[in-house]
Amino acid sequence: MNTIIVGTQWGDEGKGKVIDILSKKVDYIVRYQGGSNAGHTVVVDNKIYIFHLIPSGILYKHKICCIGNGVVVDPAGLIKEIKDLSLSGIDIGNRLKISPLAHVILPYHKILDQLRESKRTNKIGTTGRGIGPCYADKINRFGIRIADLLNSRVFRDKLNDNLKEKNEILKKVYRHGGFDFNTLYREYLNYGLVLAKYLCNVTSLLNNAIEKKKDILFEGAQGTFLDIDFGTYPFVTSSSATAGGACTGSGVSPVKIDKIIGVAKAYTTRVGEGPFPTEFPAVFDKFMREKGNEFGATTGRPRRCGWLDMVMLKEAILLNGISELAIMKLDILAGLKSLKICTAYKYKGKKFREFPYDLEVLANAKPVYKEMPGWNSPIDKIKRYQKLPGNAKDYLSWLQGDLGVKISMVSVGSSREETIFI
Ligand code: IMO
Ligand code: MG
């Protein structure tokens, strides 16, 4: 069984936990897009692990974890992640496999990311990790791949061309001092040497595994509305965060994919700028952020919080082909008198049930809400769906009915154990 896990909102839905739980049952776990802008949190035995590049499945012994060609890799960050894991007693051994075709993030990508942000009129609020500029070089056919770090002549020529261009831009447009060729050249050749033992043809590895009826889990980063095509452009990331990205980002054909599971928070959050129709008013926003500990795992920034949005979820189900949903952080809604669910948007007298692509509509849309009564008692100790308070069951069953998709998992706390399987 080959399964893709995707975020259905703006990232931070709790994909890390779902992936951790499902990893147990598979043989391979694959990251296929994004880079260290992602922050996937997993809590095991009261210990918190935050993953940026390595699939969280690495916590289970014997699982093979892959970084596909669609990912952009910051080698220094990756090497640190490998070291930190081994310091906390996780033996990676030869279980990490990196595609040589993945593109490399260089320091000028990060600086350009940050400097461009600082000059933009409408800021995106990127993570500053160099994601956009690195993908831009890839599409521009100017990028450097991990394979290049292992060939000193190829790398020299590519880096030379890149630095000539980047240093000009840095100096003339941004008054930045630029980068020294020799320093970067030596540093990155060295990263190549360190990472060499993890490189492998991930595409044939996965396709051979499929041939042998092994199970693969594709670990999406970010979320549907951060997707470069279908997200709230330009307030998006630079990769295909929807399910299709799993195929192009790993070299596994769409006909080999069996199932797509969507992950949705029981409310909505967003880090960074951009329209957010169901965003809470300031005071309630602060209250819910603290209640749900909604602070970014990568940048520590406070996440903006809002009600659940069915217009978004329906669009996500359609775009990704989702047949199963995991609802996360339901426990955070406990204690609220009433819960709102956005069923449509209104703008200039017109009702939108489909996600609008006009940024102006989205930015000014007034949500149409359905209200449901909340529940008072905490639910984090509950293990079975039947034991949930009636109003929590009503909330879930209304969602399931309206979305037409099965809710197969409900999270009521951050640890593996605090999960209800339906
Ligand atoms: P996970 O995988 C939440 C957001 C940034 C910014 C926009 C573009 O943990 O869900 P980028 O640095 O990618 O160019 O920033 O995307 N963003 C995320 N928000 N979770 C993430 O990943 C994100 N990765 C990027 O805040 O608004
Ligand atoms: Mg995150």
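Anyway, here's the lowdown on the structure attached to this text. Note that the structure is a prediction, hence the values are computed from the model and not measured.

**A closer look at the overall build of the protein**
Moving on, step 1. Scanning the protein for helices and strands turns up twelve helices and 19 strands.
Moving on, step 2. A compact globule built from 422 residues would reach a C-alpha radius of gyration of about 22 Å, and the protein, at 22 Å, matches this within 12%.
Moving on, step 3. By its C-alpha atoms, the protein is 65 × 50 × 40 Å across when sized along the principal axes.
Moving on, step 4. Counting over 422 residues, the protein shows a buried share of 57%.
Moving on, step 5. Summed over its atoms, the accessible surface of the protein is roughly 18300 Å², and 52% of this surface lies on carbon and sulfur atoms.

**Details of the nonpolar core**
Moving on, step 1. Ranked by size, the top nonpolar core spans 57 residues in total, and within it Ile-4, Leu-206, Phe-218, Leu-330, Leu-333, Trp-375 and Tyr-395 carry the most contacts.
Moving on, step 2. The dominant element in this core, judged by the number of residues it contributes, is helix α12 (residues 390–403), at five residues.
Moving on, step 3. When residues no more than four places from it in sequence are discounted, the contact partners of Tyr-395 are Ala-266, Leu-308, Leu-330, Leu-333, Leu-339, Ile-341, Met-372 and Trp-375.
Moving on, step 4. By size, the runner-up hydrophobic cluster in this structure holds 55 residues, among which are Ile-21, Phe-51, Ile-79 and Leu-170.

**Digging into the packing of helix α2 (residues 75–87) against helix α6 (residues 181–195)**
Moving on, step 1. Two elements in contact, α2 and α6, have axes separated by 10 Å at closest approach and are oriented at 40°. Taken together, the axes of α2 and α6 are oblique relative to one another. Seen from above, α2 lies across α6 with left-handed handedness. On the side of α2, the interface is formed by Pro-75, Ala-76, Leu-78, Ile-79 and Ile-82, while α6 contributes Tyr-188, Tyr-191, Val-194 and Leu-195.

**Focus: the pattern of salt bridges**
Moving on, step 1. Inspection of the entire model under this criterion finds 19 salt bridges.
Moving on, step 2. Linking Lys-166 and Asp-137 is a salt bridge whose minimum nitrogen-to-oxygen distance equals 2.8 Å. Taken together, the residues span a long stretch of sequence, with Lys-166 in helix α5 (residues 152–174) and Asp-137 in helix α4 (residues 131–139) at a distance of 29 residues.
Moving on, step 3. Given the relative accessible area of 7%, Asp-137 is considered buried.
Moving on, step 4. Lys-259 is paired through a salt bridge with Glu-324; the nearest N and O atoms lie 2.9 Å apart. Taken together, the residues span a long stretch of sequence, with Lys-259 in strand β10 (residues 259–265) and Glu-324 in strand β14 (residues 324–328) at a distance of 65 residues.

**What about the site of ligand 1?**
Moving on, step 1. Around ligand 1 there are 20 residues in total, and Asp-12, Lys-15, His-40, Thr-127 and Thr-237 lie nearest to it.
Moving on, step 2. Here an oxygen atom of ligand 1 sits 2.6 Å away from a polar atom, N or O, in the side chain of Thr-127.
Moving on, step 3. At 2.6 Å, a side-chain N or O of Thr-237 approaches an oxygen atom of ligand 1.
Moving on, step 4. Burial of ligand 1 by the protein amounts to 97% of the accessible area it has alone, namely 550 Å².
Moving on, step 5. Residues of the shell around ligand 1, tallied by class, amount to seven nonpolar, ten polar and three charged.

**Here's the deal with the sheet that holds strand β19 (residues 419–421)**
Moving on, step 1. Taking strand neighbours across the sheet as the criterion, the nine strands line up as β7-β5-β2-β9-β1-β10-β14-β18-β19 in an open arrangement whose pairing is mixed. Strands with a single pairing partner mark the edges of an open sheet, and in this sheet they are β7 (96–98) and β19. Averaged over all adjacent pairs, the angle separating strand axes in this sheet is 20°, with direction ignored.
Moving on, step 2. One ladder, built from four bridges, connects strand β2 (residues 28–31) with strand β5 (residues 64–67); its direction is parallel.

**Considerations on the environment of Trp-375**
Moving on, step 1. Looking at the element boundaries, Trp-375 is found in the loop between β17 (366–373) and α12.
Moving on, step 2. Among the residues examined, Trp-375 registers a relative accessible area of 4% and is labelled buried.
Moving on, step 3. Spatially, the C-alpha atom of Trp-375 lies 29 Å from that of Leu-22, the residues being 353 residues apart in sequence.

**Re the environment of Leu-85**
Moving on, step 1. One can find Leu-85 in helix α2.
Moving on, step 2. In this structure the C-alpha to C-alpha distance between Leu-85 and Gly-245, which are 160 residues apart in sequence, comes to 27 Å.

**Topic: the side chain of Ser-99**
Moving on, step 1. Looking at the secondary structure, you find Ser-99 in the loop between β7 and β8 (103–104).
Moving on, step 2. Among residues more than four places away in sequence, those in contact with Ser-99 are Ile-67, Gly-68, Asn-69, Ile-146, Cys-200 and Val-202.

**Focus on the packing of helix α3 (residues 107–119) against α5**
Two measures define how a pair of helices packs: the angle their axes make with one another and the distance between the axes.
Moving on, step 1. The N-to-C vectors of α3 and α5 enclose an angle of 25°; their axes lie 11 Å apart at closest approach. Classified by the interaxial angle, the pair formed by α3 and α5 is roughly parallel. Of the two elements, α3 crosses α5, and the hand of that crossing is left-handed. Taken together, the residues of α5 that come into contact with α3 (itself represented by Tyr-108, Ile-111, Leu-112, Leu-115, Arg-116 and Lys-119) are Leu-159, Asn-162, Leu-163, Lys-166, Ile-169, Leu-170, Val-173 and Tyr-174.
Moving on, step 2. Split by residue class, the contact of α3 with α5 holds ten nonpolar, one polar and three charged.

**Some thoughts on the pairing of strand β4 (residues 47–51)**
Moving on, step 1. Summarising the sheet, strand β3 (residues 40–44) and β4 pair through five bridges and their orientation is antiparallel. Bridge pairing in β4 links His-40 to Phe-51.
Moving on, step 2. Connecting β3 to the next strand, β4, in antiparallel fashion are two residues, including Asp-45 with a positive phi near 50°.

**A word on the side chain of Asn-37**
Moving on, step 1. Inspection of the secondary structure assignment puts Asn-37 in the loop between β2 and β3.
Moving on, step 2. According to the relative accessible area criterion, Asn-37 is buried, its value standing at 11%.
Moving on, step 3. A polar contact is formed between the side chain of Asn-37 and the side chain of Gln-222, at a distance of 3.1 Å.
Moving on, step 4. Every residue in contact with Asn-37, bar those within four places of it in the chain, is listed here: Thr-127, Arg-129, Ile-131, Gln-222, Thr-237 and Thr-298.

**Some points on α12**
Moving on, step 1. Between its first and last C-alpha, α12 extends 20 Å over 14 residues, near the 20 Å set by a 1.5 Å rise per residue.
Moving on, step 2. Looking only at α12, the buried set comprises Ala-392, Tyr-395, Leu-396, Leu-399 and Leu-403. Down the axis of α12, the buried set is contained in an arc of 90°. They therefore lie on one face.
Moving on, step 3. Considering only its buried residues, α12 is in contact with β13 (308–309), α10 (310–320), β14, β15 (338–347), β17 and β18 (406–411).
Moving on, step 4. The first or second residue beyond α12 is Gly-404, which carries a positive phi of 70°.

Reading the values: the criteria
- Residues numbered from 1 in each chain as written.
- Chains lettered and ligands numbered in written order.
- Predicted model: local features only at pLDDT ≥ 70, side-chain atom pairs only at ≥ 80, totals over all residues.
- Heavy atoms only, no water.
- Helix = DSSP H or I, 4+ residues; strand = E, 2+ residues; numbered from the N terminus.
- Rg over C-alpha atoms; globule rule 2.2 N^0.38 Å.
- Buried < 20%, exposed > 50% of the residue type's maximum accessible area, 1.4 Å probe, protein only.
- Areas by Shrake-Rupley, 256 points an atom, 1.4 Å probe, with all protein chains shown as cover.
- Core = buried A, V, L, I, M, F, W, Y, C linked by side-chain atoms within 4.5 Å.
- Contact = heavy atoms within 4.5 Å.
- Axes fitted to C-alpha atoms, helices over the stretch in contact; angles between N-to-C directions.
- Parallel < 35°, antiparallel > 145°, perpendicular 65-115°, else oblique.
- Left-handed = near helix turned anticlockwise from the far one by under 90°.
- Salt bridge = Lys/Arg side-chain N within 4 Å of Asp/Glu carboxyl O.
- Near = heavy atom within 4 Å.
- Polar contact = N/O pair within 3.5 Å; in protein donor to acceptor, adjacent residues only side chain to side chain.
- Nonpolar A, V, L, I, M, F, W, Y, C, P; charged D, E, K, R; others polar.
- Pairing = 2+ DSSP bridges.
- Expected span 1.5 Å × (residues − 1).
- Arc of directions from axis to C-beta.

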